[in-house]
Amino acid sequence: MSRLDSFIRRVTAQRAVLDWAASAIAAIPGPVLEVGLGNGRTFDHLREKLPGREIYAFDRADNAHPLSKPTAPFLVLGEFAASLPAFAASQGAVAALIHCDTGSGDAAANARQAAWLSDLLPSLGRPGGIVLSDQRLAHARLQPLQAPVDIPPDRYFLYAIT
Ligand SMILES: C[S@@+](CC[C@H](N)C(=O)[O-])C[C@H]1O[C@@H](n2cnc3c(N)ncnc32)[C@H](O)[C@@H]1O
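Treat the numbers as computed from the prediction; the structure is a model and nothing was measured. (Residues numbered from 1 in each chain as written. Predicted model: local features only at pLDDT ≥ 70, side-chain atom pairs only at ≥ 80, totals over all residues. Heavy atoms only, no water.)

Caption draft 1: View of helix 3 (residues 80-91). The terminal C-alpha atoms of helix 3, which comprises twelve residues, lie 16 Å apart, in line with the 16 Å expected from a rise of 1.5 Å per residue. Here helix 3 has its buried residues at F80, S83, L84, F87 and A88. The arc enclosing the buried residues of helix 3, seen along the axis, measures out at 135°, which places them on a common side. Facing away from the buried side of helix 3 by over 90 degrees, the exposed positions are A89 and S90. Next to the buried residues of helix 3 lie strand 1 (32-35), strand 2 (55-59), strand 3 (75-77) and helix 4 (107-120). (Helix = DSSP H or I, 4+ residues; strand = E, 2+ residues; numbered from the N terminus. Expected span 1.5 Å × (residues − 1). Buried < 20%, exposed > 50% of the residue type's maximum accessible area, 1.4 Å probe, protein only. Arc of directions from axis to C-beta. Contact = heavy atoms within 4.5 Å.)

Caption draft 2: Spatial organisation of helix 2 (residues 41-49). Among the residues of helix 2, T42, F43, H45 and L46 are the ones counted as buried. Down the axis, helix 2 shows its buried residues gathered within 160° of arc, on one side only. Along helix 2, exposed side chains directed more than 90 degrees from the buried face belong to R41 and E48. On its buried face, helix 2 sits against helix 1 (3-24), strand 1, strand 2 and strand 4 (95-100).

Caption draft 3: Examining the pairing of strand 4 more closely. Most of strand 4 sits inside the fold, with six of its six residues counted as buried. Bridge analysis of strand 1 against strand 4 gives four bridges, and the strand direction is parallel. Looking across to strand 4, one finds that V35 is bridged to C100. When strand 4 meets strand 5 (residues 125-133), the two strands line up parallel, connected through five bridges. Across the sheet, the residue bridging to C100 is S133, located in strand 5. (Pairing = 2+ DSSP bridges.)

Caption draft 4: The arrangement of the site of the ligand in detail. Close to the ligand lie 17 residues; G36, T42, D59, D101 and Q113 are nearest. N39 places a main-chain nitrogen or oxygen 3.1 Å from an oxygen atom of the ligand. Measuring from a nitrogen atom of the ligand, one finds a side-chain N or O atom of D101 at 2.7 Å. When isolated, the ligand has an accessible area of 610 Å², and the protein chains bury 82% of it. (Near = heavy atom within 4 Å. Polar contact = N/O pair within 3.5 Å; in protein donor to acceptor, adjacent residues only side chain to side chain. Areas by Shrake-Rupley, 256 points an atom, 1.4 Å probe, with all protein chains shown as cover.)

Caption draft 5: The sheet that holds strand 3, seen in detail. Reading across the sheet, the seven strands line up as 3-2-1-4-5-7-6 and stay open at both edges, with mixed pairing between neighbours. If you trace the sheet from one side to the other, it starts and ends with strand 3 and strand 6 (142-144), each paired once. Each neighbouring strand pair of the sheet contributes to a mean axis angle of 20°, computed without reference to strand direction. As defined by bridge partners, strand 2 adjoins strand 3 across three bridges and the pair is classed as parallel. Counted as the bridge partner of A57 is L75 from strand 3. Contacting strand 4, strand 5 and strand 7 (157-161), helix 1 crosses the sheet at an angle of about 165° to strand 5. (Axes fitted to C-alpha atoms, helices over the stretch in contact; angles between N-to-C directions.)

Caption draft 6: Spotlight on the packing of helix 1 against helix 2. One way to put it is that helix 1 packs onto helix 2 with a least axis distance of 10 Å and a crossing angle of 35°. Note on packing geometry: the crossing formed by helix 1 with helix 2 is right-handed. Where helix 1 abuts helix 2, its residues Q14, R15, L18, D19 and A22 lie against T42, H45, L46 and K49. Across the contact of helix 1 with helix 2, the residue classes break down as three nonpolar, three polar and three charged. (Left-handed = near helix turned anticlockwise from the far one by under 90°. Nonpolar A, V, L, I, M, F, W, Y, C, P; charged D, E, K, R; others polar.)

Below, the structure is given as structure tokens:
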């Protein structure tokens with residue numbers, strides 16, 4: 001498969017799970033956490049699908065397109081290892097949806113980061129909330145969900161917070 005085809009498959013799967021999750025949390029109160037703002041593409045998509053929903057976006061760097069960037073206090077800059085525990089300490093486990101889009105080209109680094117992110121996420125999301133991730137996560141309180149949309153295996157990972 002060409003890199004272009006691979007990219008298209010990845011973002012098509014990403015859009016499908018984001019669209020599903022936006023509907024799935026309709027009755028669940030609480031903000032959305034965008035963990036990995038990057039260019040702001042998925043933030044912008046969530047914002048369009050969830051008008052009126054607070055969306056906090058986390059990243060170490062402010063590299064988002066100016067039209068796809070939250071304003072204070074919804075833009076949270078810093079390392080996840082500091083910013084996510086600080087958010088949990090100040091707001092509690094309130095999120096209805098957590099979207100983790102944190103991957104880089106380094107598979108080993110991605111797996112190491114996914115391990116400690118897994119441990120942080122239950123302190124951020126409310127029971128019944130949903131976690132979407134571009135990396136496989138593992139935690140007793142993250143129950144894997146079968147993708148309710150047609151996406152390639154292991155392209156995106158979905159969990160319910162218990
Ligand atoms: C794949 S990009 C996100 C793409 C974004 N969702 C979009 O649609 O444009 C991953 C982002 O996660 C951020 N990131 C990765 N690890 C991080 C960490 N430990 N702390 C803070 N930011 C991190 C990177 O700076 C990068 O912007």
